[in-house]
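Observations on the model geometry
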Number of protein chains: 2
Amino acid sequence: MATERNVWRLARRPVGAIAEGDLVYASEAMPEPEAGQFVLQVLYLSLDPTNRIWMSDAEQYMPPVEVGAPMRGLVAGRVVKSRKDGVAEGALYSGIGPWADFMVSDGQGLQPMALPPGVPLSVAFGVFGLVGPTAYFGLLDIGRPKAGETLVVSAAAGGVGQIVGQIGRIKGCRVIGIAGGAEKCRFLVDDLGFDAAIDHRGEDVGARLDALAPAGVDINFEQVGGPILDAVFARMRLFGRMPLCGLIASYNDTMERQGPAAWRHMLMRRLTVQGFIVTDYADRWGEAVAALGGWMAEGRIKTRQDVRPGLDRAVAHLDSLYTGGNFGKLLVEVVPDAARI
Amino acid sequence: MATERNVWRLARRPVGAIAEGDLVYASEAMPEPEAGQFVLQVLYLSLDPTNRIWMSDAEQYMPPVEVGAPMRGLVAGRVVKSRKDGVAEGALYSGIGPWADFMVSDGQGLQPMALPPGVPLSVAFGVFGLVGPTAYFGLLDIGRPKAGETLVVSAAAGGVGQIVGQIGRIKGCRVIGIAGGAEKCRFLVDDLGFDAAIDHRGEDVGARLDALAPAGVDINFEQVGGPILDAVFARMRLFGRMPLCGLIASYNDTMERQGPAAWRHMLMRRLTVQGFIVTDYADRWGEAVAALGGWMAEGRIKTRQDVRPGLDRAVAHLDSLYTGGNFGKLLVEVVPDAARI
């Protein structure tokens, strides 16, 4: 086994966009597992918009990463050394871990992974790790879709958005995705079966919504905030629902963002807005994994992943989430050829 | 029976606060009931913040009042002439009607009123007409109060607010009212049993909330909007709920109001905001009336009313809702000594 590991540590809290030197990548001695611990070789690191929140000390839903500590992420890997009963070498685990190629753990925050037949590790980790259950609980529990309703998904080509739209189609909704760029929009309609897509870079979101959904929007699966939220909010229908699981537009802001401009619609149209974090549904995780696994096996849910090599380039990869430079669920392949390991 | 009636008509749509001449009061010939109609002598007219919305042509939850038409309100009265089967002269009815001392109706929008024993017409009309069910459904269905939670009520000395706070106490909540002026605050604590009250005219709402509820607010029964909403919103707790049934602060605005300043709390604290209008609960009206009647009979819900004489001064009376010049559920006594009729 290696005697060193590579780790990203948070050197200081970013102000606005992440700058050179906010996170520092270095080799350090491999920690030795004590009794009750094991060593996981990290094969994939998931990069998610929420990572930027964890770097800040603004109020948030988990403790922020301490300055000097390894950066936190969602990881999947294989046990390479175990001093913990019940944890076998070779077993696959996923959960919360450091941005590193090896981690020592007592198992807290990690769950054993069972791969559905025919589903590669990267896909299972990408879907079941975080984005699939986020889409599942947010859309079904909060959005409560009914057949024939109009569902709008912002950041639709991202990890969560792809799955939200496809579940919406399964439930009989008319699904309109909002994404940045013609290629992503084509993918949503041609590959994932969305009814329509709006390119927020090249098109006027409000005008396109008026054309595509003249009667308005029943459900807005909200992940972005800012002007895109304003455009959709102004077009919500009576008794509309808005699951809110992200505010990407504001993560790099140093200013506070206001709520929707047309706030009076909350009352006049009796809207419901509900924020959620997928970990709130921890006790129902199995339900989401079973449903998603079933739909994947039937070919009704496809995912596009954006798997990139190089743990050493993780910060640049993460940045692409906020600039729109990524396409699909973003994973770092920590070990070359991880799919074979 | 009188041969003339007095009616307020909407002469033009107000811009900002209601101005002289926006509504016009005049006598006109008494309309004759046709077959299937009856004449109601209006005894009480309820004045509610929402009346201002109906005068505008902004998007709203009912059709706006047409320019030239009688102003719309909630009325209670007695049948003085009937050409409709099943409607007896002398019967009490309440519901939607004109700002007038007599109305002709086919019964649409009106319901027969049964007075609980010992409860005067003005009290029954004031509580059961609109504000009681609003408080009941908004707090219980959307707020979902649990014993020990902290409930904040804005516009707490108003018709809805008084009842919300008292139902909150019945459900075991710690109740903090926000009202304008020391007298109203004293009333909330001393007469209605609120745990505390904040005078938004003389006190810093945020600082007082920090002192009174250092752990934050579980439920904000929201009726006001603007800076008071911002102060409470910033102090909402994890999984907080916010029934929203009014935005008084903005009804006289000509500008659109933004949503809450600290919008990110929606996500970080997983808040739920839900707009509602009491008519959404029309099919459960009886449930609210039964529960409220029971609590009133037990002395657990008291109400303060602000009953004012003079239909001819209705606009000035209504104005007091937006300036804070009224105290308690505002009713106009259309007929002198209506309580005896």
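Another aspect to go through is the domain arrangement of chain A. Residue and element names in this part refer to chain A. Parsing chain A into structural domains produces domain 1 (4-113 + 304-340) and domain 2 (130-280). Distance between the C-alpha centres of domain 1 and domain 2: 29 Å. At the junction of the two partners, domain 1 supplies 17 residues and domain 2 supplies 14 residues. Secondary structure elements with two or more residues in the side of domain 1 that touches domain 2: helix H1 (50-55) and strand S15 (329-333). Grouping the constituent residues of the side of domain 1 that touches domain 2 by class yields nine nonpolar, four polar and four charged.

Bringing the relation of the copies chain A and chain B into the picture now. With an RMSD of 0.0 Å, the operation that places chain A on chain B is a rotation of 180° combined with a shift of 0.0 Å along the axis. Both chain copies can therefore be described as sitting about a two-fold axis. When each C-alpha of chain A is compared by its distance to the rotation axis, Gly259(A) comes out closest, at 1.9 Å. Here 97% of the contact residues of chain A are again contact residues in chain B; the copies associate through an equivalent surface.

In any sheet, the strands associate via hydrogen bonds between backbone groups, in a parallel or an antiparallel arrangement. The mixed open sheet is built from 12 strands, whose spatial order is S10(A)-S9(A)-S8(A)-S11(A)-S12(A)-S13(A)-S13(B)-S12(B)-S11(B)-S8(B)-S9(B)-S10(B). At either margin of the open sheet sits one strand with a lone partner, and together these are strand S10 (196-199) of chain A together with strand S10 (196-199) of chain B. Each adjacent strand pair in this sheet contributes to an overall mean axis angle of 15°, direction not counted. Where strand S13 (residues 272-275) of chain A lies against strand S13 (residues 272-275) of chain B, three bridges are found, and the strand directions are antiparallel. Among the inter-strand pairings, Val273(A) is bridged to a residue of S13(B), identified as Val273(B). Lying over the sheet, helix H3 (residues 159-170) of chain A contacts strand S8 (150-153), strand S9 (174-179) and strand S11 (217-221) of chain A, oriented at roughly 165° with respect to S9(A).

All names here are of chain A. Among the structural elements, Leu151 can be located in strand S8. Judged by the 27 C-beta atoms lying within 10 Å of it, Leu151 is buried. With 137 residues separating them along the chain, Leu151 and Pro14 place their C-alpha atoms 35 Å apart. Those residues in contact with Leu151 that lie beyond four places of it in its chain are Pro145, Gly168, Cys173, Arg174, Val175, Asp218, Ile219 and Phe221.

Let's shift gears to the packing of helix H2 (residues 121-143) of chain B against helix H9 (residues 285-297) of chain B. Residues and elements named next belong to chain B. Direction vectors running N to C along H2 and H9 enclose 95°, while the axes themselves pass 9 Å from each other. For the element pair H2 / H9, the angle class is roughly perpendicular. Residue-level contacts link Val127, Phe128, Gly132, Pro133, Tyr136 and Phe137 of H2 to Trp285, Ala288, Val289, Ala291, Leu292 and Met296 of H9. Looking at side-chain class alone, the contact of H2 with H9 contains 11 nonpolar, one polar and no charged residues.

Between chain A and chain B, the residue contacts involve 30 residues of the former and 29 residues of the latter. Residue assignment for the side of chain A that touches chain B shows that the elements contributing at least two residues are helix H8 (265-268) and S13 of chain A. No other element matches the four residues that S13(A) contributes to the side of chain A that touches chain B. Taken together, the residues that form the side of chain A that touches chain B break down as 15 nonpolar, eight polar and seven charged.

The next thing to look at is helix H4 (residues 182-191) of chain A. Residue and element names in this part refer to chain A. Listing the buried residues of H4 in full gives Lys184, Cys185, Phe187 and Leu188. When H4 is viewed along its axis, its buried side chains cluster within an angular range of 155° and face the same direction. Those residues of H4 that are exposed and aimed more than 90 degrees away from the buried face are Glu183, Asp190 and Asp191. Buried residues along H4 sit against H3, S9 and S10. Immediately downstream of H4, the backbone of Gly193 shows phi near 80°, a positive value.

Conventions we followed
- Residues numbered from 1 in each chain as written.
- Chains lettered and ligands numbered in written order.
- Predicted model: local features only at pLDDT ≥ 70, side-chain atom pairs only at ≥ 80, totals over all residues.
- Domains from an automatic or database assignment.
- Contact = placed C-beta atoms within 7 Å.
- Helix = DSSP H or I, 4+ residues; strand = E, 2+ residues; numbered from the N terminus.
- Nonpolar A, V, L, I, M, F, W, Y, C, P; charged D, E, K, R; others polar.
- Least-squares fit on C-alpha atoms with pLDDT ≥ 70 in both.
- Pairing = 2+ DSSP bridges.
- Axes fitted to C-alpha atoms, helices over the stretch in contact; angles between N-to-C directions.
- Buried ≥ 20, exposed ≤ 12 C-beta atoms within 10 Å, placed from the backbone.
- Parallel < 35°, antiparallel > 145°, perpendicular 65-115°, else oblique.
- Arc of directions from axis to C-beta.

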